[in-house]
Amino acid sequence: QKEVEQDPGPLSVPEGAIVSLNCTYSNSAFQYFMWYRQYSRKGPELLMYTYSSGNKEDGRFTAQVDKSSKYISLFIRDSQPSDSATYLCAMRVSSGSARQLTFGSGTQLTVLP
Amino acid sequence: EAGVAQSPRYKIIEKRQSVAFWCNPISGHATLYWYQQILGQGPKLLIQFQNNGVVDDSQLPKDRFSAERLKGVDSTLKIQPAKLEDSAVYLCASSLEIGPQNTGELFFGEGSRLTVL
């Protein structure tokens, strides 16, 4: 079983739709949760960062963490064609010298104008 | 602020040949990572450096992959000999030291795309 499982997609939605992207994880030591956005032929860039369970909002984006269920989500409201990209969930433990990120496999999103 | 620089952007080689990738991290970032991203998958950590010391290389195939970070700045990743399954994008990332004032955010370069024929 992979440590991080992500809905594979691909996902295609019309402009203005609400998008839900999801990941589950098995390692209860993960404490920090991130969403990265990766445009085609580019490196990933950080979109959202959360620590505690609950919701965190930033403009049209909301990150949700449920540590009891080991489940995280990213919601995109009023989706735009410029949101078309691959979305990667990532997480890491809270302590230790390495603390590197473990990524999900990514969900490719296309927003149609 | 300049981002993470990587070269070459694209490389095509035949199996059993060797290849080297170069990375220049963001100035002042002590931690440097090499990730391998196979098509349709998320990035997988190969090696992590803290300054010029190795923190984690547990997933680096050491029989064919090597990496170094001389003087704690630039880094090179080498593959010798290459196999077909090494076809992937090799991403370099850097970050500040993880502490209470920062998230340890990784800043990625655009990657070096390797095709092994």
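Along each chain, numbering runs from 1 in the same order as the chain's sequence is written. Chains carry letters and ligands carry numbers; both start at the beginning, A for chains and 1 for ligands, and go up in the order they are written. At least 70 in pLDDT is required for a residue's local features to be given in this predicted model, at least 80 for side-chain atom pairs to be given and counted, and no such filter applies to totals for whole chains, interfaces and linings, which use all residues. Excluded from the side-chain calculations are hydrogens and water; all other atoms, namely the structure's heavy atoms, are used.

I'd like to hear about the sheet that holds strand S8 (residues 75–79) of chain B, residue by residue, with values.
Residue and element names in this part refer to chain B. If DSSP finds at least two bridges between two strands, the strands pair. Strands here mean DSSP runs of E at least two residues long; helices mean DSSP runs of H or I at least four residues long; both are numbered from the N terminus. Strand order across the open sheet formed by 4 strands is S1-S3-S8-S7, with antiparallel pairing between neighbours. Edge positions in the sheet fall to strand S1 (5–7) and strand S7 (65–68), since each of these pairs with one other strand and no more. Within this sheet the neighbouring strands show an average axis-to-axis angle of 15°, counted without direction. Pairing of S7 with S8, which is carried by 4 bridges, proceeds in the antiparallel orientation. Residue pairing for S8: Ala67 is matched across the bridge by Leu77. What counts as an axis is a line fitted to C-alpha atoms, over the stretch in contact for a helix, and the angles between N-to-C directions run from 0 to 180 degrees.

Let's hear about the nonpolar core: which residues, and what values?
Residues Trp35, Ile72, Leu74, Tyr87 and Met91 of chain A are the most contacted members of the largest nonpolar core, which totals 24 residues. Secondary-structure elements contributing two or more residues to this core are strand S3 (19–25), strand S4 (30–38), strand S5 (45–50), strand S7 (61–66), strand S8 (71–76), strand S9 (85–93) and strand S11 (107–112) of chain A. Ranked by size, the runner-up nonpolar core spans 21 residues in total, among them Val4, Ile79, Ala82 and Val116 of chain B. Here, the term nonpolar core denotes a set of buried Ala, Val, Leu, Ile, Met, Phe, Trp, Tyr and Cys residues that are joined through side-chain atoms within 4.5 Å. For every residue, the accessible area (1.4 Å probe, protein chains only) is compared with the maximum for its type, and the residue is labelled buried under 20%, exposed over 50%, or partly exposed between those bounds.

So, the interface of chain A and chain B: which residues are in play, and what are the values?
Accessible area lost upon the coming together of the parts is a frequently used measure of interface size. If you look at the interface, chain A gives 19 residues, while chain B gives 23 residues. Joining two parts hides part of their accessible area as seen by a 1.4 Å probe, and the buried area is that hidden amount summed over both. Of the roughly 1700 Å² buried where chain A meets chain B, counting both sides, 50% is carbon and sulfur surface. The working definition used for a salt bridge is a side-chain nitrogen of Lys or Arg within 4 Å of a carboxyl oxygen of Asp or Glu. Our count for the contact surface shared by chain A and chain B stands at 1 salt bridge. Contacts described as polar in this section are N or O atom pairs within 3.5 Å, which, within protein, must combine one atom able to donate a hydrogen with one able to accept it, while residues neighboring in sequence count only if both atoms come from side chains. Linking chain A with chain B are 5 residue pairs in polar contact (both at pLDDT 80 or more). Broken down by secondary-structure element, the contributors of at least two residues to the side of chain A that touches chain B are S4, S5 and S9 of chain A. Here the element with the most residues in the side of chain A that touches chain B is S4 of chain A; it accounts for 3 residues. When grouped by side-chain class, the residues that make up the side of chain A that touches chain B number 9 nonpolar, 6 polar and 4 charged. Contacts are residue-level and defined by heavy atoms, with any inter-residue pair within 4.5 Å sufficient. Ten residues, namely Ala, Val, Leu, Ile, Met, Phe, Trp, Tyr, Cys and Pro, are considered nonpolar, four, namely Asp, Glu, Lys and Arg, are considered charged, and the remaining ones, Gly among them, are considered polar.

Please set out the state of the cysteines residue by residue, giving values where relevant.
The definition used for a disulfide is geometric: two cysteine sulfur atoms within 2.5 Å. Within this structure, the stated rule accounts for 2 disulfides over all chains. Here Cys23 of chain A connects covalently by a disulfide to Cys89 of chain A, the sulfurs 2.0 Å from one another. On the S-S bond that ties Cys23 of chain A to Cys89 of chain A, the torsion sits near -100°, and the link is left-handed. Residue Cys23 of chain A is located in strand S3, and its partner Cys89 of chain A is located in strand S9; the two are separated by 66 residues in the primary sequence. According to the relative accessible area criterion, Cys23 of chain A is buried, its value standing at 1%. Two residues, Cys23 of chain B and Cys92 of chain B, share a disulfide whose sulfurs are 1.9 Å apart. Every disulfide takes its handedness from the sign of the S-S torsion; for Cys23 of chain B and Cys92 of chain B that torsion is -70°, giving left-handed. Of this pair, Cys23 of chain B sits in strand S3 (residues 19–24) while Cys92 of chain B sits in strand S9 (residues 88–95); the two residues are 69 residues apart in sequence, bridging distant segments of the chain. With a relative accessible area of 0%, Cys23 of chain B lands in the buried category.

Requested: an account of the pairing of S11 of chain A, with residues and values cited.
All names here are of chain A. Every second residue of S11 is oriented toward a common face, the buried set being Thr107, Leu109 and Val111 and the non-buried set Gln108, Thr110 and Leu112. In terms of strand pairing, S9 meets S11 through 3 bridges, oriented antiparallel. In the sheet register, Tyr87 faces S11, and the bridge partner there is Thr107.

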